Amino acid sequence: MSIASDPRRTALARACWLAGLLAGLLASAAGAAAQAPDAERGRRLFHGELPLTAKIAGHTSALPAQASRCVNCHAAGSAPPPSPSAGASSASTSSFGPALDARLLLQDARRRGGPPSRYDEAALCKLLTTGIDPAYIIIPASMPRYELSPADCKALWIFLTRPAR
């Protein structure tokens, strides 16, 4: 007897399918909820509401906190503006660096004349700390090199690659 001809087996198969679907949806929601605090921390780091320690390549002195904000040179894609109480200004529409978002970071692209490459969390962290992009091209010395904890780097990655709202 086939499953299709046995109503009990058909009902059981449907119940198992629905249970699997529900479990997947719950896991997805839990993952998104777990990333929400990281995305908020990433937003605060990007906009300078939390300090970032950084130096210009070849220099030993740390930059002032105001000078090391990501938003000074990059717009954050579709990111909401910083909270007014933070006093951090956002990048203008003519940012020095590219606007950073999932579309830019996650697609294969030729950057700075190199071969096509794409970012992942490790590549972004390497770029921010060493100045070497995913295609092993050294970025301009004018971009600071940051001292980031793995948690802060992950928070920035989650913030920058979150789905557009």
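Please set out the overall build of the chain residue by residue, giving values where relevant.
The number of helices and strands found in the chain is 4 helices and 4 strands. Starting at the N terminus, the α and β elements of the chain follow one another as α-β-α-β-β-α-β-α. Looking at the 165 residues of the chain, the share that counts as buried comes to 33%. In the chain, of all internal contacts separated by at least 6 residues, the share reaching a separation of at least 24 is 51%.

Describe the state of the cysteines, naming the residues involved and giving the relevant values.
Here, disulfide denotes a covalent bond that connects the sulfur atoms of two cysteines. Counting across every chain of the model gives 1 disulfide. Sulfur-sulfur distance for the disulfide between C125 and C153 comes to 1.8 Å. Torsion about the S-S bond of the C125 and C153 cystine: about -125 degrees, corresponding to left-handed handedness. Here the residue C125 occupies a position in helix α3 (residues 121-130), and C153 occupies one in helix α4 (residues 150-161), the gap between them amounting to 28 residues. Pair check on accessibility: C125 and C153 agree, each one buried. Take C70: it sits in no disulfide, and the sulfur closest to it among the cysteines is that of C73, at 9.0 Å.

Reading the values: the criteria
Residues numbered from 1 in each chain as written. Predicted model: local features only at pLDDT ≥ 70, side-chain atom pairs only at ≥ 80, totals over all residues. Heavy atoms only, no water. Helix = DSSP H or I, 4+ residues; strand = E, 2+ residues; numbered from the N terminus. Buried < 20%, exposed > 50% of the residue type's maximum accessible area, 1.4 Å probe, protein only. Contact = heavy atoms within 4.5 Å. Disulfide = S-S within 2.5 Å.

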